[in-house]
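Architecture at a glance
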Amino acid sequence: MKLINIGFGNMVSAGRIIAIVSPESAPIKRIITDAREKSLLIDATYGRRTRAVIITDNGSLILSALQPETVAARLQSIDDRQQSAAERPDIITDRQLENEHEVRMSTDE
């Protein structure tokens, strides 16, 4: 499970995020009000201005004081690291090299 920092030490599971939106539009404000009434709202702003609304796959909304672009960049950073790790060939240990060398030496004799 990969976690992303959404500000003030708060973390969200990267795999559960569906959307990251700005709270400025009227439809998003209505969604926030509805989530608050249904107890599906998590306010992680620490009293600061809400700048991003994170929508999760279970219907919860998370309010963050970070810009949506900042949260998205952190999420993209995690995806890039996972992709580069998957493309990287396996690292050969010193022990594996020694074993390979011993096998070659025994076959040469």
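Residues numbered from 1 in each chain as written. Predicted model: local features only at pLDDT ≥ 70, side-chain atom pairs only at ≥ 80, totals over all residues. Heavy atoms only, no water.

Inspection of every chain in the model, using the stated rule, returns two salt bridges. In this structure, the salt-bridge partner of R16 is D57, at a minimum N-O distance of 2.8 Å. Separated by 41 residues along the polypeptide, R16 in the loop between β2 (10-13) and β3 (17-21) and D57 in the loop between β5 (52-56) and β6 (61-64) bring together distant segments of the chain. Across the pair R49 and E24 runs a salt bridge whose closest N-O atoms are separated by 3.2 Å. In this pair, R49 is assigned in the loop between β4 (41-43) and β5 and E24 in the loop between β3 and α1 (26-37), connecting sequence segments 25 residues apart. (Salt bridge = Lys/Arg side-chain N within 4 Å of Asp/Glu carboxyl O. Helix = DSSP H or I, 4+ residues; strand = E, 2+ residues; numbered from the N terminus.)

A few words now on the sheet that holds β3. Overall, mixed pairing links the four strands, which are arranged β3-β5-β6-β4 in an open sheet. In this open sheet, the two strands that pair with only one neighbour each are β3 and β4. Ignoring which end each strand starts from, the neighbouring axes of this sheet average 20° apart. Alignment of β4 against β6, held across three bridges, turns out to be parallel. Bridged to D43 within β6 is L63. (Pairing = 2+ DSSP bridges. Axes fitted to C-alpha atoms, helices over the stretch in contact; angles between N-to-C directions.)

A general trend in soluble globular proteins is that nonpolar side chains are found buried together. The biggest cluster of nonpolar side chains holds 12 residues, and these are I4, I6, V12, A14, I17, A44, I54, I62, L66, V71, L75 and I78. Taken together, the elements giving at least two residues each to this core come down to β1 (3-7) and α2 (68-87). No other element matches α2, which puts three residues into this core. Those residues within four positions of I54 in sequence are excluded, and the remaining contacts are I6, I17, A19, I20, S60, L61, I62, S64 and V71. Counting residues in each nonpolar core, the second largest holds seven residues, with I32, A35, L41 and L63 among its members. (Core = buried A, V, L, I, M, F, W, Y, C linked by side-chain atoms within 4.5 Å. Buried < 20%, exposed > 50% of the residue type's maximum accessible area, 1.4 Å probe, protein only. Contact = heavy atoms within 4.5 Å.)

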